Amino acid sequence: VQLQASGGGMAQVGGSLRLSCAASGRSFSRHAMGWFRQAPGQERKFICGVSWTGQSTYYVDSVKGRFTISRDNAKNTVYLQMNSLKLEDTAVYYCALNGRRFSTIETGANEYDYWGQGTQVTVSS
């Protein structure tokens, strides 16, 4: 499985960015997906996930109401729409795929078997 993340860049506080993560090489539609982020000097942290059907999502409190995860199984792509960006959203963002088919949304990094290369998001005032 290969995951290719894109869409990172720079935004101002209060702005928006949309990340994409395209998957290849596996039955994408049967696997839950997650987005993680890693700020400088910090560990990689789960921020949101989407079930394999796309009908269930989960967000950590710090992004709830501002970020939206979605997926298009026909395009083998998962998205992260980020609105009302804050300085503390600055990080490298990673998409990840849970290798177990039909799994629930997991929050632990060790539950994900495949990772994108990371895309930098920088929010400035």
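Residues numbered from 1 in each chain as written. Predicted model: local features only at pLDDT ≥ 70, side-chain atom pairs only at ≥ 80, totals over all residues. Heavy atoms only, no water.

1. Digging into the overall build of the protein
Operational definition: Here a strand is any run of E in DSSP of at least two residues, a helix any run of H or I of at least four, and the numbering for each starts at the N terminus. Note that the radius of gyration is over C-alpha atoms, with the globule rule given as 2.2 Å times the number of residues to the power 0.38. Think of it in three bands: residues with accessible area under 20% of the maximum for their type are buried, residues over 50% are exposed, and the middle band is partly exposed, with areas taken using a 1.4 Å probe on protein chains only. We call two residues contacting when some pair of their heavy atoms lies within 4.5 Å. We get accessible surface area from the Shrake-Rupley algorithm with a probe of 1.4 Å; when it comes to residues, only the shown protein chains can shield them. None of His or the chain ends enter the tally, which takes Lys and Arg as positive and Asp and Glu as negative. By convention, charge coordinates are those of NZ in Lys, CZ in Arg, CG in Asp, or CD in Glu.
Within the protein, the secondary structure is distributed over 0 helices and 11 strands. Reading the protein from its N terminus to its C terminus gives the helix and strand order β-β-β-β-β-β-β-β-β-β-β. In terms of C-alpha radius of gyration, the protein reaches 13 Å, essentially the compact-globule figure of 14 Å for 125 residues. Oriented by its inertia axes, the alpha-carbon framework of the protein measures out at about 40 × 30 × 25 Å. Counting over 125 residues, the protein shows a buried share of 42%. Look at the contacts in the protein between residues 6 or more apart in sequence, and 59% of them connect residues 24 or more apart. Just so you have it, the protein exposes about 6200 Å², and 44% of that area is on carbon and sulfur atoms. Counting 13 positive and 8 negative side-chain charges, the protein places the averaged centre of each group 6 Å from the other.

2. Description of the environment of Gly 7
Structurally, Gly 7 can be placed in the loop between strand E1 (2-6) and strand E2 (9-12). Not counting chain neighbours up to four residues away, the residues in contact with Gly 7 comprise Leu 17, Arg 18, Leu 19 and Thr 119.

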